[in-house]
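Coordinate inspection notes
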Amino acid sequence: MAETLGFLLSDVSRLLRRRFDERARASGASVAQWRVLKILERQPGLNQGQIAELLEVEPITCCRMIDRMEEAGLVERRRDPADRRAWRIHLTESAAPVLADLHILAGEMIEDALHGLSPAERDALIAALQAIRSNLTNAPESKEAANG
């Protein structure tokens, strides 16, 4: 079951990202940009390193994404009051309509993905995924992972 569950979760995640990317492309945003916007909506003022860690990308990759988003007027860099060498990333007012459009796209895509599931099945799916996430988040890190 573990291989089937792992493959299934990975495959569904990949397909969701692909479908969302197809829909979002028309608005000019990518999945990566959507994720940066969502992260900053939830946690304003993170630095590039923190965003890169949450995206699971290299800091230089994140820097380039933020550069493009800053050029598009979606985010801005502000000096960190505690460290003049560091920058904090914040959404601009221009990001609000983009986020609103992407929320609508995401909602439509999720509805398509959950088509045929009853409200009880949807609730059970969400509860199960939250439990799995909690188990994995709270699991102690293995020695191999901790030592690289």
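Everything below is about the structure printed above this text.
Scoring rules and cut-offs
Residues numbered from 1 in each chain as written. Predicted model: local features only at pLDDT ≥ 70, side-chain atom pairs only at ≥ 80, totals over all residues. Heavy atoms only, no water. Salt bridge = Lys/Arg side-chain N within 4 Å of Asp/Glu carboxyl O. Helix = DSSP H or I, 4+ residues; strand = E, 2+ residues; numbered from the N terminus. Buried < 20%, exposed > 50% of the residue type's maximum accessible area, 1.4 Å probe, protein only. Contact = heavy atoms within 4.5 Å. Core = buried A, V, L, I, M, F, W, Y, C linked by side-chain atoms within 4.5 Å.

1. A few points about the pattern of salt bridges
- Per the counting criterion, the structure on display carries 10 salt bridges.
- A salt bridge links Glu76 to Arg78, with the nearest nitrogen and oxygen atoms 2.7 Å apart.
- Across the pair Arg122 and Glu111 runs a salt bridge whose closest N-O atoms are separated by 2.9 Å. Residue Arg122 is found in helix α6 (residues 119-138), and its partner Glu111 is found in helix α5 (residues 95-113); the two are separated by 11 residues along the sequence.
- Residue classification places Glu111 among the partly exposed residues on the basis of a relative accessible area of 43%.

2. Topic: the side chain of Lys38
- Turning to its location among the elements, Lys38 is positioned in helix α2 (residues 31-42).
- By relative accessible area, Lys38 is classed as buried at 15%.
- Ignoring any residue separated from it by four or fewer positions in sequence, one finds Lys38 in contact with Leu99 and His103.

3. Here we look at the nonpolar core
- Ranked by internal contacts, the top residues of the largest apolar core, which has 26 residues, are Phe20, Ile51 and Leu102.
- Sorting the residues of this core by element identifies α1 (2-25), α2, α3 (48-55), α4 (59-71) and α5 as the ones contributing at least two each.
- Ignoring sequence-local partners within four residues, the contact set of Leu102 consists of Phe20, Ala24, Ser27, Ala29, Trp34 and Leu37.

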